Amino acid sequence: MLAAAIFDVDGVLLASPHERAWREALVGLAEPDRFTTAIYQAHVAGKLRLDGARSALEALGVSNADRHAVAYAERKQARLEELIRTGAVAAFPDALRFVEAVAALGWPMAAASSSRNATAMMRAIPLRAGRSLLDIFRVNVSGRDLTHGKPDPELFLIAAREMGVAPAQCFVAEDAPAGIEAARAGGMAAIGVARLGDAEMLRAARADLVVTSLDDVVITELALGRLVGPTP
């Protein structure tokens, strides 16, 4: 039975400017308009920064992708930090409702993003009673130094261990195929959050449940340790 929750941040909890920053940082390397949401989801989302940079450049056919990846990753990070400073981050309302519903069950929760920026972004999102979104999580492993990024389960296994919960008792909420694959590789259940019309990609990655909104997860069933969506 499920008894704990692990949340990716970008694309699940927050509408962050990551994709925009990756796109705008391409100037001089490739045509930014070629960096589509589909490329972001398939080649960048959920991965460590340098891995995502290399994968994106390879997908766009940039020659010597390995040589350009470090500079591209650094330019993306600088642009992202600028966008965060100007307030280009917002929480998904369904995500806030869902994390508060899970917290009301008394379940431990962890935030687990590959991004080193996730902590600052969550701290900027207010909840009730003077708390921030970051405060609702018992554990935050976002931005940890890892041996392997997603689709390896290392980050999620660290989150489960720090919550003191067996991996089989955890579900992971993810929006990227690499994150779904990481959850399944770690022996965890997975909710695919298809905000970008990518439900089939998440199903192909073997998500246990795919929803377009976290409001669609049936809380009464979750309280019993089961992932169930709305009845068609």
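In what follows, the structure referred to is the one given above.
Keep in mind the model is a prediction, meaning the values are calculated, not measured.

About the criteria used
Residues numbered from 1 in each chain as written. Predicted model: local features only at pLDDT ≥ 70, side-chain atom pairs only at ≥ 80, totals over all residues. Heavy atoms only, no water. Helix = DSSP H or I, 4+ residues; strand = E, 2+ residues; numbered from the N terminus. Buried < 20%, exposed > 50% of the residue type's maximum accessible area, 1.4 Å probe, protein only. Contact = heavy atoms within 4.5 Å. Areas by Shrake-Rupley, 256 points an atom, 1.4 Å probe, with all protein chains shown as cover. Lys, Arg positive; Asp, Glu negative; His and termini not counted. Charge placed at Lys NZ, Arg CZ, Asp CG, Glu CD. Salt bridge = Lys/Arg side-chain N within 4 Å of Asp/Glu carboxyl O. Core = buried A, V, L, I, M, F, W, Y, C linked by side-chain atoms within 4.5 Å. Polar contact = N/O pair within 3.5 Å; in protein donor to acceptor, adjacent residues only side chain to side chain. Phe/Tyr/Trp six-rings, centres within 6.5 Å; stacked < 30°, edge-to-face > 60°. Pairing = 2+ DSSP bridges. Axes fitted to C-alpha atoms, helices over the stretch in contact; angles between N-to-C directions.

*Asks:* Give me the overall build of the protein chain: which residues, what numbers.
*Replies:* A tally of regular secondary structure across the protein chain gives ten helices and eight strands. Its C-alpha atoms give the protein chain principal-axis dimensions of roughly 50 × 40 × 35 Å. When burial is assessed residue by residue, the protein chain has 53% of its 232 residues classed as buried. The long-range share in the protein chain, meaning contacts at least 24 apart out of those at least 6 apart in sequence, stands at 63%. Accessible surface for the protein chain amounts to roughly 10,000 Å². Of this, 51% is attributable to carbon and sulfur atoms. Charge separation in the protein chain, taken as the distance between the mean sites of 25 positive and 28 negative side-chain charges, equals 3 Å.

*Asks:* Mind laying out the pattern of salt bridges, listing which residues take part and the relevant values?
*Replies:* This model, assessed by the stated rule, comprises 16 salt bridges. E100 is the salt-bridge partner of R128, the closest N and O atoms lying 2.8 Å from each other. With R128 in the loop between α6 (118-123) and β5 (139-140) and E100 in helix α5 (residues 93-104), this pair connects stretches of sequence that are 28 residues apart. Close ionic contact of E200 with R203 constitutes a salt bridge, the shortest N to O distance being 2.6 Å. In this pair, E200 and R203 are both assigned in helix α9 (residues 199-204), three residues apart and thus about one turn of the helix distant. Through salt bridges with shared partners, one network takes in R20, E24, R79 and E82.

*Asks:* An account of the nonpolar core is needed here, citing residue identities and associated values.
*Replies:* Among the nonpolar cores identified, the biggest contains 36 residues, and F7, L13, L133, F137 and F171 are the most heavily contacted of them. For this core, the element with the most residues is α5, which contributes five residues. With residues near it in sequence (within four places) discarded, F137 still touches F7, L13, V99, M109, A110, A111 and M122. Among the nonpolar cores identified, the runner-up in size contains 27 residues, and V172, M188, A194 and A199 belong to it.

*Asks:* Tell me about the side chain of D8, and name the residues and values.
*Replies:* Residue placement: D8 occurs in the loop between β1 (4-7) and β2 (14-15). Its relative accessible area of 5% is what places D8 among the buried residues. At 3.5 Å, the side chain of D8 forms a polar contact with the side chain of K150. The residues touching D8, leaving out its near neighbours within four places in the chain, are L13, A112, S113, K150, A173, E174 and D175.

*Asks:* Can you lay out the packing of aromatic side chains for me, pointing to particular residues and giving the numbers?
*Replies:* Applying the stated criterion across every chain, the model contains seven aromatic pairs. Taken together, F7, F98, W107, F137 and F171 form an aromatic cluster joined through their ring pairs.

*Asks:* Run through the sheet that holds β1, naming residues and quoting values.
*Replies:* Pairing in this open sheet of six strands is parallel, and the strands run β5-β4-β1-β6-β7-β8 from one edge to the other. Each edge of the open sheet is held by one strand with a lone partner, namely β5 and β8 (209-211). Inspection of the sheet shows β1 paired to strand β6 (residues 170-174) by four bridges, in the parallel sense. Among the inter-strand pairings, F7 is bridged to a residue of β6, identified as A173. Its contacts with the sheet place helix α8 (residues 177-185) against β6 and β7 (189-193), and it is angled at close to 170° to β7.

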